[in-house]
Amino acid sequence: MTTPEARPRLLRSKPQPSDRVRRALIVLNRDLRDCRTCHMAGLLDEVESIPIALDPEPDAPLPRIVLVGQAPGLRATILDRPFAGAAGEKLRDWFEQAGIPRGDFYRAIHFAAVTRCYPGRLPGAKGDRAPSPREQALCRPWLDELLAIVRPRIVLLVGLLAVRTFLGPVKSLTSVVGTAVDRDGVVYIPLPHPSGVSRWLNDPANVAAVSLAMRILRHRLADPD
Ligand code: SF4
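Residues numbered from 1 in each chain as written. Predicted model: local features only at pLDDT ≥ 70, side-chain atom pairs only at ≥ 80, totals over all residues.

1. Some remarks on the overall build of the protein
- Within the protein one finds nine helices and five strands.
- Its helices and strands taken in sequence order, the protein reads α-α-α-β-α-α-α-β-α-β-α-β-β-α from the N to the C terminus.
- At 17 Å, the protein has a C-alpha radius of gyration in line with the 17 Å of a compact globule built from 225 residues.
- In terms of its C-alpha atoms, the protein occupies a principal-axis envelope of roughly 50 × 45 × 35 Å.
- Relative to its 225 residues, the protein shows a buried fraction of 36%. (Helix = DSSP H or I, 4+ residues; strand = E, 2+ residues; numbered from the N terminus. Rg over C-alpha atoms; globule rule 2.2 N^0.38 Å. Buried ≥ 20, exposed ≤ 12 C-beta atoms within 10 Å, placed from the backbone.)

Put into structure tokens, the structure is as follows:
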């Protein structure tokens, strides 16, 4: 078991000053779970797509790390928990390299996404459909409000859609994984999606880039200033 002293500094740092932040997150998540904006616009099917939002654990320090993914998968939707399946296991493996214990996965990181509802399968393909620009625009206020409440020090961008949402029209994952962007006191760290469907991770050079990204994360966690 990892002792508190063995954890990176940012994970040991005192919780943000107030219960106000925790309460604001819980209220935001409650409102988010009620959101049916895309369903009412005819963009999503309520039978399989409902918003996924995880409240901070009552005894955990408030996360100063936000992970922004593309959108929840089907398993996350069924289990009502982001990254509940194999992709989450892969993320835990990566974050362990950065010093985040597996047991702190949901305690140390606040999980968000470009859109918060499962978009459904891509017709004729193995993977899920990417949220449309309209869905992204409709969901953006939820993301902005979350970031305004949490005021993260580190934002992990998982997948090209999340990367482009924050860093603009980057050419490819290969051009950004293993780098970090400092902006207005926040460090943005691009990562690939950990899904087994992605072939990007088959290339050893890309696996090495993820390890470099984890070294960057470890360094930022140890010395957040
Ligand atoms: S994707 Fe976002 S905006 Fe659309 S219904 Fe879900 S929570 Fe609401």
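2. A few points about the site of the ligand
- Around the ligand, the structure places 15 residues, and the nearest of them are C35, C38, P51, C117 and C139.
- Where the shell around the ligand is concerned, the elements lending two or more residues are α3 (37-40) and α7 (133-150).
- When residues in the shell around the ligand are grouped by element, the largest group, four residues, is from α7.
- Residue composition of the shell around the ligand, by class: nine nonpolar, three polar and three charged. (Near = placed C-beta within 6 Å. Nonpolar A, V, L, I, M, F, W, Y, C, P; charged D, E, K, R; others polar.)

3. Structural notes on the nonpolar core
- Within the largest apolar cluster, 49 residues are counted, with the highest numbers of intra-cluster contacts made by L67, V68, L156 and L157.
- Going through the elements one at a time, β1 (65-69), α5 (86-97), β2 (109-113), α7, β3 (154-158), α8 (160-167), β5 (186-191) and α9 (204-222) are the ones with two or more residues in this core.
- Among the elements that line this core, the one with the most residues is α9, at six residues.
- Look past the residues within four positions of L157 in its chain and what remains in contact with it is V68, A162, V163, F166, Y188, I189, P190 and L191. (Core = buried A, V, L, I, M, F, W, Y, C linked by C-beta atoms within 7 Å. Contact = placed C-beta atoms within 7 Å.)

4. Structural notes on the pairing of β1
- Among the five residues that make up β1, five are buried, leaving the element largely enclosed by the rest of the structure.
- Here β1 shows a buried face lined by I65, L67 and G69 and a second buried face lined by V66 and V68.
- Sheet topology note: the β1/β2 ladder contains five bridges and is parallel. Bridge pairing in β2 links V66 to H110.
- Bridge count for β1 against β3 is four bridges, and the pairing is parallel. Bridge pairing in β3 links L67 to L156. (Pairing = 2+ DSSP bridges.)

5. A look at unusual backbone geometry
- In the Ramachandran plot, D80 falls in the positive-phi region, its phi being about 55° despite a non-glycine side chain.
- With respect to the helices and strands, D80 occurs in the loop between α4 (74-79) and α5.
- The partly exposed category is assigned to D80, around which 14 C-beta atoms lie within 10 Å.
- We note that D184 has phi near 50°; this positive angle belongs to a residue other than glycine.
- When the 4 C-beta atoms within 10 Å are taken as the criterion, D184 is described as exposed.

6. Digging into the packing of helix α2 (residues 19-33) against α7
- Taken N-terminus to C-terminus, the directions of α2 and α7 make an angle of 170°; their axes are 10 Å apart at the nearest point. One way to sum up the angle between α2 and α7 is to call them roughly antiparallel. In this structure, α2 uses V21, A24, L25, L28 and L32 to contact α7, whose residues at the interface are W142, E145, L146 and I149.
- Here the residues of the contact of α2 with α7 sort into eight nonpolar, no polar and one charged. (Axes fitted to C-alpha atoms, helices over the stretch in contact; angles between N-to-C directions. Parallel < 35°, antiparallel > 145°, perpendicular 65-115°, else oblique.)

Nothing here speaks to function; it is all geometry.
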